[in-house]
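# Results of the structural survey
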Amino acid sequence: MLYENLSVNEKGRLCVGGLDTVQLAAEFGAPLYVLDEDRVRANCQRYVQAMQAYLPAGSRPLFAGKALCFKGLYPVLEEEGMEADVVSPGEIYTALAGGFPPEKLYFHGNNKTDEDIQFALSSGVGCFIVDNPLELRRLDHYAGTMGKRQRVLLRVTPGIDPHTLQAINTGRIDCQFGVPIETGQAERFVAEALTLEHLEVEGFHSHIGSQIFEAAPFCDAVDILLDFAQGIREKLGFTARVLNLGGGFGVRYQERDPVVDIPGNIRALAEHLTAGCAAKDYPLPQVLLEPGRSIVGDAGLTLYRVGGVKTIEGYRSYVTVNGGMTDNPRYALYQAPYTVLPADRMNDQRTFRCSVAGRCCESGDLIQEEIDLPQMQREDLLAVLTTGAYNFTMASNYNRLCRPALVMVRGGKARLAVRRQTFEDLTACEL
Ligand SMILES: *Cc1c(COP(=O)(O)O)cnc(C)c1O
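Let me sum up the structure you'll find in this document. For clarity, every value in this text was computed on a predicted model and none was experimentally measured.

### Observations regarding unusual backbone geometry
In the segment running from A30 into P31, the intervening peptide bond is cis, with an omega of -5°. Here P31 shows up in the loop between α1 (21-28) and β4 (32-36). Even without glycine at this site, E379 takes up a positive phi of about 85°. The topology assignment puts E379 in the loop between β18 (366-373) and β19 (381-385).

Rendered as structure tokens:
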């Protein structure tokens, strides 16, 4: 099994957090997002504890809400000692509706509109991660009109390629996020920020990419950020109290992916930072990390009902399911790998080579190609693992499919956290 929270019961059915997935689908319907809350909590704890143990005092993880965002998640995050990233007023609204304290929110985004800025300021968001000089000036202006001094981090791009997919690689110089260090623009960005009366600059932010399995790319980012910070200190007399290194630790989608040792990597990162600061005689900054995928990814799975099997003679076989790119667009977008399991017949021989297709009118609507399952029949149940991140949040109503429900599993019990959409929801905004 890919993870310890999965098992097979005496009926040969896949269980998650001890609960039979066939029963979950019978009770809550399919497609169904299932989130193992115990695993989310354990994933949070690995970050919280390792960051407290190894990194400078005050270092802490922020959960990146773009990976998964619904009201019921926020009390869990808060109880586990997480703070959180938000990228839009909608995410701010959701976090606050879930009772999350606004001062623990960090507001990201490369195009925050004036309305967004005002909304976040009046919501009392703790920190803005400012993307560019235009935003900087607007934020200073609105903070001034509200009589506030707003904490900010300045987003810079270190120019690192962590060898991941282009589409989810944001640390390179040529990208739409942040201000590049190499061209000298980042230095001017900081210089301007320091002159603005209504902003309190705490430090710098960088995010190098996603699905990273070791500490090395983060250590490279630390080197570049420390060089940059030291230059700023010498030229402008400003010392960064905070370095936010972004998100990006990976999860196992398939058996061939390595298991990421999060505490070990955080420890390696801490040693690298300590040595780097000592060598430069730079005061140790607090470190923030922004894990998204590695908090919720492997805690989630999706259950689908099989509709049938279609064999194109001489070519291949398709197993069709009652969801698809609407609840999980990641294969259609960038051929993301997944593990697909026959949830109701885990002990059967997997000798049937097939591709799993969704139900949308789009030939790219595939969940995975060329995998091995037992011979499938209508009404069988398939489980797609590791769908806790970037599935629910990327879902759409294409073809007017209703979005699935989301169930949280804790201590051997399941509770509905997001109900399935209804047809009325589909037309709710239509006049
Ligand atoms: C996407 C993103 C994250 C989260 O990345 P994961 O790979 O899900 O950990 C964190 N910070 C920023 C700025 C991001 O864009």
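### Examining helix α6 (residues 133-145)
When the terminal C-alpha atoms of α6 are compared, their 19 Å separation across 13 residues agrees well with the 18 Å that a helix rising 1.5 Å per residue should span. Looking at α6, one finds that the buried residues are E135, L136, L139, D140, Y142 and A143. As for α6, its buried residues are in contact with α5 (114-123), β8 (127-130), β9 (150-157), α7 (185-195) and β11 (199-205). One side-chain oxygen at the N-terminal end of α6 lies 3.1 Å from the backbone nitrogen of L134; it belongs to N132. Taken from the residues just after α6, G147 is the one with a positive phi, measuring 65°.

### Some thoughts on the pattern of salt bridges
Under the counting rule described, the total for this entry stands at 31 salt bridges. Across the pair R39 and E4 runs a salt bridge, and its minimum N-O distance is 3.5 Å. Taken together, the positions of R39 in helix α2 (residues 37-54) and E4 in the segment before β1 (6-8) put the pair 35 residues apart, joining distant regions of the chain. When the shortest N-O distance is used, the salt bridge between R419 and D425 registers 2.6 Å. You can call R419 partly exposed: its relative accessible area is 48%. Assessed through its relative accessible area of 27%, D425 is described here as partly exposed. Overlapping salt bridges, with partners in common, bring together E37, D38, R41, E79, E80, R410 and R415 in one network.

### A word on the packing of aromatic side chains
Scanning all chains against the criterion turns up eight aromatic pairs. Judged by centre distance (5.8 Å) and plane angle (70°), the rings of F70 and F392 are edge-to-face. Linking F70 in the loop between β5 (60-64) and α3 (73-79) with F392 in the loop between β19 and β20 (405-410), this pair joins segments that are 322 residues apart in sequence. Here F70 matches F392 in class, with each residue buried. Aromatic side chains F204 and F238 sit 6.1 Å apart centroid to centroid with 70° between the ring planes, which places their arrangement in the edge-to-face category. Here the residue F204 occupies a position in strand β11, and F238 occupies one in the loop between α8 (216-236) and β12 (242-244), the gap between them amounting to 34 residues. You'll find F204 and F238 in the same group, each marked buried. Sitting above the plane of the F107 ring, K112 keeps its charged end 5.4 Å from the centroid. The cationic tip of R233 hangs over the ring face of Y282; the distance from NZ or CZ to the ring centre is 5.3 Å.

### Let's talk about α2
Counted at 1.5 Å a residue, the expected span for α2 with its 18 residues is 26 Å, and the 26 Å between its end C-alpha atoms agrees. Measuring from the backbone nitrogen of D38 back to the side-chain oxygen at the start of α2 gives 3.0 Å, which picks out D36 as the cap.

### Regarding the site of the ligand
With respect to spatial proximity, 15 residues lie near the ligand, and among them K66, S210, E290, R293 and Y390 are the closest. Between the ligand and G248, the relevant distance is 2.9 Å, taken from an oxygen atom to a main-chain nitrogen or oxygen of the residue. The backbone of R293 places a nitrogen or oxygen atom 2.8 Å from an oxygen atom of the ligand. The class makeup of the residues in the shell around the ligand is three nonpolar, seven polar and five charged.

### Quick look at the packing of α5 against α6
At a minimum axis distance of 10 Å, the contact between α5 and α6 shows a crossing angle of 45°. It follows from the interaxial angle that α5 and α6 lie oblique. When you trace α5 past α6, the crossing you get is right-handed. Counting all contacts with α5, which are made through D114, I117, Q118 and L121, the residues of α6 involved are E135, R138, L139, Y142 and A143.

### Some thoughts on the sheet that holds β1
The antiparallel open sheet is built from three strands, whose spatial order is β1-β2-β3. If you trace the sheet from one side to the other, it starts and ends with β1 and β3 (19-20), each paired once. Strand direction decides the pairing type here: β1 and strand β2 (residues 14-16), joined by three bridges, are antiparallel. Among the inter-strand pairings, L6 is bridged to a residue of β2, identified as V16.

### Considerations on the nonpolar core
Counting 87 residues, the largest nonpolar core has F128, L154 and F204 as the members making the most contacts within it. Counting residues per element, this core draws most heavily on α8, at nine residues. Residues within four places of L154 in sequence aside, it is in contact with V130, L136, F189, V190, A193, V201, G203, F204 and H205.

### With respect to the pairing of β20
In terms of residue burial, β20 counts as a mostly covered element, since five of its six residues are buried. Where β4 and β20 come together, five bridges link them in parallel fashion. Paired with Y33 across the bridge in β20 is L406. Of the strand pairs in this sheet, β20 and strand β21 (residues 413-418) are connected by five bridges, and their pairing is antiparallel. For L406, the partnering residue across the bridge sits in β21 and is V418.

### Quick word on the pairing of strand β6 (residues 83-86)
Side chains of β6 alternate between two faces, with E83 and D85 and A84 and V86 buried alike. Pairing between β5 and β6: three bridges, direction parallel. In the strand pairing of β6, A64 is matched with D85. Between β5 and its parallel partner β6, the chain crosses via α3, and the hand of that crossover is right-handed. Bridge analysis of β6 against strand β7 (residues 105-107) gives three bridges, and the strand direction is parallel. The residue of β7 that forms the bridge with V86 is F107. This β-α-β element, β6 to helix α4 (residues 89-97) to β7, shows right-handed connectivity.

Reading the values: rules and limits
- Residues numbered from 1 in each chain as written.
- Predicted model: local features only at pLDDT ≥ 70, side-chain atom pairs only at ≥ 80, totals over all residues.
- Heavy atoms only, no water.
- Helix = DSSP H or I, 4+ residues; strand = E, 2+ residues; numbered from the N terminus.
- Expected span 1.5 Å × (residues − 1).
- Buried < 20%, exposed > 50% of the residue type's maximum accessible area, 1.4 Å probe, protein only.
- Contact = heavy atoms within 4.5 Å.
- Polar contact = N/O pair within 3.5 Å; in protein donor to acceptor, adjacent residues only side chain to side chain.
- Salt bridge = Lys/Arg side-chain N within 4 Å of Asp/Glu carboxyl O.
- Phe/Tyr/Trp six-rings, centres within 6.5 Å; stacked < 30°, edge-to-face > 60°.
- Lys NZ or Arg CZ within 6 Å of the ring centre and 35° of its normal.
- Near = heavy atom within 4 Å.
- Nonpolar A, V, L, I, M, F, W, Y, C, P; charged D, E, K, R; others polar.
- Axes fitted to C-alpha atoms, helices over the stretch in contact; angles between N-to-C directions.
- Parallel < 35°, antiparallel > 145°, perpendicular 65-115°, else oblique.
- Left-handed = near helix turned anticlockwise from the far one by under 90°.
- Pairing = 2+ DSSP bridges.
- Core = buried A, V, L, I, M, F, W, Y, C linked by side-chain atoms within 4.5 Å.
- Right-handed = clockwise from strand over helix to strand, strands pointing away.

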